[in-house]
Structure formats: C-alpha cells, structure tokens
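# Report on the structure
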Amino acid sequence: MRGRSDHGDELFSFVRLEERVPADHPLRAIRTLTDEVLASLSGRLEVLYARVGRPSIPPEMLLRATLLQAFFSIRSERMLMEQINYNLLFRWFVGLSMDADVWHPTGFTHNRDRLLEADVARDFLSALMSLAKVKRLMSSEHFSVDGTLIDAWASMKSFRPKDGSGDPPQPGRNGERDFHGEKRSNETHASTTDPDARLYRKANGRESRLCYMGHALMENRNGLVVDAELTLATGLAEREATLVMLDRRSTKSRRITLAADKAYDVEAFVGRLRARKVTPHIAINGSISRTGKLRKTAIDKRTMRHPGYDISLRCRKRIEEVFGWIKAQAGFAKVKVRGRPKVAAVFGFAIAAYNLVRLPKLLAEAAA
C-alpha cells in the first residue's frame, strides 16, 4: 500500500499538471461536463471495480481515455497509451499525474472491454443529456431520426457457408479466396470473425458490405443527439430502432414531431408513430415502379401543408453532420471491435463525444 506521502506527491504532481493546461483550452469545458456526468454515474461505475486480484483501471479513467480516442482520431489502443504517456494534456484529461505509470495496451483493452460489456455508454449519453444546463438547449417537441451503415471489423473472405462447406482461404497471412459467382446471403452464410455482422447493400447497384446499422435521434433546435441505437443491418432496422428510441422517451404527455427521410415513408410505420402521439414529418417517397405507377405516400396533405413540415425537413439534414463526424473524426467508418454489444457501446461513446465537442460553445452562447 502507498503511504500518505505517496498520495501527497501524486496530488502535488497533478496540481502542477493542472497549471500546464491553458485556462481557455476547449478540453477544460469538456472535462467539466464529463466530471458532472461521472459524478451522477458513480454508483453505476462502482460495481465495475475489481474486488479481487490486481487493481483494475478506474472506470472513470477508462471512459475519459475512450473519449480522447474519439476526440483526436487515435486509431488504436497502443497509440492511445503512447500519447497518454508523453502528452501532458492527455494525462490531465484522463486524471493521471505527471509521474504516474501508463497502463499497458493489453491491460487497458481488457479493462475497457469490461466497461463496454456493461452498457455504460447509453447511461453516459442519457446522463449527459439530462444535465439541467444541457436540457435547456434542447427542443422537447421537435426531433429527427436517421440511420447509417457502419462497416464491421470483418473481411468478405470471412463470410462463409454456415454448414462448413466452401473452399477455405489459401494458406498465408492474407490468403486468396475466390467467391465471385457464389450466391451468398445472411440465411446461408455468416462471418467467421464477427458472426453478428450482416451482409447489406445500401441501394440497388451498390456493393454489398459486412456491416452494422447505427441510428440517432436528434433534437432539432441545436442538433444534439438525445438517443442512439445500434442494430443488425436489415431492411427494417431503421424503423424498428426508431420506435425503440421513441419508447425510451416520455412522449405520452405531449405531441412531438419526427422528421425523417423517404425510407421511413411506410404506412405501417407512420401508423405506429401516430399511435405514439408523434406527428410524422417524413419526406415523400415519390419513387416510380417498373410499371410506371407512382408510389402512394403515407403522409397526408394536412401534415404537408403545415409550415412546420418544411422546417422539419430542413432541420433533419443536420443529422448527417453527426454521422459524418463520428466516421471522419472519431474513426468510426470501420469499427475496431467485434460483436454487437461492443460495437453498440463504442457507437454510443462516439455519439456522446460528438455532443461533448459541441456543448461548450452552445453553453457559452446561451450564457452570453
């Protein structure tokens, strides 16, 4: 056990580190918000501490380090540990003193996997958006929803028949496998590296990919994401995930509007929205069938002639900024973990990181 002098030296070292960080650095405001959220989740995180064996990495530090990885586009845990080792700003944000030892990448990964399996990401996002000063920035009546494809950490060569038939890849680190002309589907094939990944293509004429589908529910005032969901990639996933996210919110007290693109223009889905007191501000799917017949829309003219309908359709496009940021900045174009639970967790943290990047400026503008 360390004595009082050791703790005193560590505290003094952290104070010196605090002085090195500029007072106006953007991470200061983000760290303040993060600490408020972690304080509200202290009971939830307490159960994640190891009770036996070697001391585990505190979940609070794991979570801050995971956020740093999204903020600064750090592509691997090994590079993250290297950055924390010599970058004083990273040490300060995570909560390590100047002289504290940095964790081994393998140990960090094992501890973080335990965090990802505990569904903490959704709790963190919910706690962040429940802060009183954050709630004042959000609309409680107008929302948008959309989904995006996220490439799985699995190659097309790993998509093999479930019955074990088919030629395996040739020997070697990256052995060849000729699957051209082979009929493959999710019913008969599965990835050997990530069985939860699904073969999916975005539209006719586009390539098929092994992927997941991420969904975001955004409020329309400032474009903050209030909820996120990750599902298997299927044709019904976008609409099913939307209903799940709406059911997690309290929509019974007042009617809300929900904007979405034309993929949501389905009669059964619109009916379920109306049953939940949700006014569908959905873009019209005016596609023409092969026989030349115009597709019938599920949105009535009474909804379309309301001025709020056009406003919602303009606001909903901002949700693409969310997906663009988490893919380009947070490195989520191709996920680095396998299995739906872990992918869902890192997706939730990436969404929370997006909100954290935008919140300091929004709070400053509201206070001005």
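Everything here concerns the structure above.
Presented here is a report on the structure given in the accompanying data block. (Residues numbered from 1 in each chain as written. Predicted model: local features only at pLDDT ≥ 70, side-chain atom pairs only at ≥ 80, totals over all residues. Heavy atoms only, no water.)

Scanning the chain from terminus to terminus reveals 15 helices and 8 strands. Counting across all 368 residues of the chain, residues that qualify as buried make up 47%. Of the roughly 19,800 Å² that the chain leaves accessible, carbon and sulfur atoms contribute 52%. (Helix = DSSP H or I, 4+ residues; strand = E, 2+ residues; numbered from the N terminus. Buried < 20%, exposed > 50% of the residue type's maximum accessible area, 1.4 Å probe, protein only. Areas by Shrake-Rupley, 256 points an atom, 1.4 Å probe, with all protein chains shown as cover.)

Below, the discussion takes up the side chain of T231. As for its placement among the helices and strands, T231 is situated in strand β6 (residues 225-232). The class for T231 is buried, based on a relative accessible area of 10%. Of note is the side chain of T231, whose polar atom sits 2.8 Å from the side chain of H215. With sequence-adjacent residues up to four places away left out, T231 is seen in contact with Y212, M213, H215, A237, A241 and R340. (Polar contact = N/O pair within 3.5 Å; in protein donor to acceptor, adjacent residues only side chain to side chain. Contact = heavy atoms within 4.5 Å.)

Attention now goes to the pattern of salt bridges. Following the criterion strictly, the structure yields 15 salt bridges and no others. A salt bridge links R248 to E229; the nearest nitrogen and oxygen atoms lie 2.8 Å apart. Taken as a pair, R248 in the loop between α10 (237-247) and β7 (256-260) and E229 in strand β6 lie far apart in primary sequence, 19 residues in all. On the basis of relative accessible area, E229 is assigned to the buried category, the value being 11%. Ionic pairing is found between R295 and D265, a salt bridge with its closest N-O pair at 3.9 Å. Taken together, the residues span a long stretch of sequence, with R295 in the loop between β8 (278-282) and α12 (301-304) and D265 in the loop between β7 and α11 (267-275) at a distance of 30 residues. (Salt bridge = Lys/Arg side-chain N within 4 Å of Asp/Glu carboxyl O.)

Look at helix α2 (residues 26-40): 22 Å from first C-alpha to last across 15 residues, which is about the 21 Å you get at 1.5 Å a residue. Burial in α2 covers these residues: L27, R28, I30, R31, L33, T34, V37 and L38. (Expected span 1.5 Å × (residues − 1).)

Turning to the pairing of β7, a few remarks are in order. With respect to burial, β7 is a largely interior element, 5 of its 5 residues being buried. Taking every second residue as pointing to the same face, both faces of β7 are buried, with I256, L258 and A260 on one and T257 and A259 on the other. Across 3 bridges, the pairing between strand β1 (residues 142-151) and β7 is parallel. In the sheet register, F143 faces β7, and the bridge partner there is L258. The pairing of β7 with β8 spans 5 bridges and is classified as parallel. What sits directly across from A259, in β8, is H281. Regarding the hand of the β-α-β motif, the stretch spanning β7, α11 and β8 is right-handed. (Pairing = 2+ DSSP bridges. Right-handed = clockwise from strand over helix to strand, strands pointing away.)

Closest axis-to-axis distance for the helix α14 (residues 319-328)/helix α15 (residues 340-367) pair is 10 Å, and the angle between their directions is 110°. Regarding the angle of α14 to α15, the classification is roughly perpendicular. Like other packed secondary-structure pairs, α14 and α15 cross with a definite hand, here right-handed. Each of E321, V322, W325 and I326 in α14 lies in contact with α15, whose residues at this interface are F347, A350, I351, A353, Y354 and V357. A breakdown of the residues in the contact of α14 with α15 according to their chemical character gives 9 nonpolar, no polar and 1 charged. (Axes fitted to C-alpha atoms, helices over the stretch in contact; angles between N-to-C directions. Parallel < 35°, antiparallel > 145°, perpendicular 65-115°, else oblique. Left-handed = near helix turned anticlockwise from the far one by under 90°. Nonpolar A, V, L, I, M, F, W, Y, C, P; charged D, E, K, R; others polar.)

A word on a positive patch on the surface. On the surface, R255, K277, R302 and R305 cluster together to form a positively charged patch. In this structure, R302 sits in helix α12. (Patch = residues over 30% accessible without salt bridge, like charges linked within 9 Å, V, L, I, M, F, W, Y side chains within 5 Å. Lys, Arg positive; Asp, Glu negative; His and termini not counted. Charge placed at Lys NZ, Arg CZ, Asp CG, Glu CD.)

Counting 102 residues, the largest nonpolar core has F71, I84, W103, F124 and I326 as its most contacted members. Of all the elements, α15 adds the most residues to this core, at 14 residues. (Core = buried A, V, L, I, M, F, W, Y, C linked by side-chain atoms within 4.5 Å.)

Positionally, D227 belongs in strand β6. Engagement of the side chain of D227 in a polar contact is seen with the side chain of R248, the distance being 3.0 Å. With sequence-adjacent residues up to four places away left out, D227 is seen in contact with L125, H215, A216, L217, M245 and R248.

The tally for this structure, following the rule as stated, stands at 8 aromatic pairs. With 4.9 Å between their ring centres and 50° between their planes, F72 and F90 make a pair best called tilted. Of the two residues, F72 is situated in the loop between α4 (59-71) and α5 (77-86) and F90 in helix α6 (residues 88-94); the sequence distance between them amounts to 18 residues. Given a relative accessible area of 37%, F72 falls into the partly exposed group. Given the relative accessible area of 3%, F90 is considered buried. Aromatic pair W325 and Y354: ring centres 5.9 Å apart, planes at 65°, arrangement edge-to-face. Of this pair, W325 sits in helix α14 while Y354 sits in helix α15; the two residues are 29 residues apart in sequence, bridging distant segments of the chain. (Phe/Tyr/Trp six-rings, centres within 6.5 Å; stacked < 30°, edge-to-face > 60°.)

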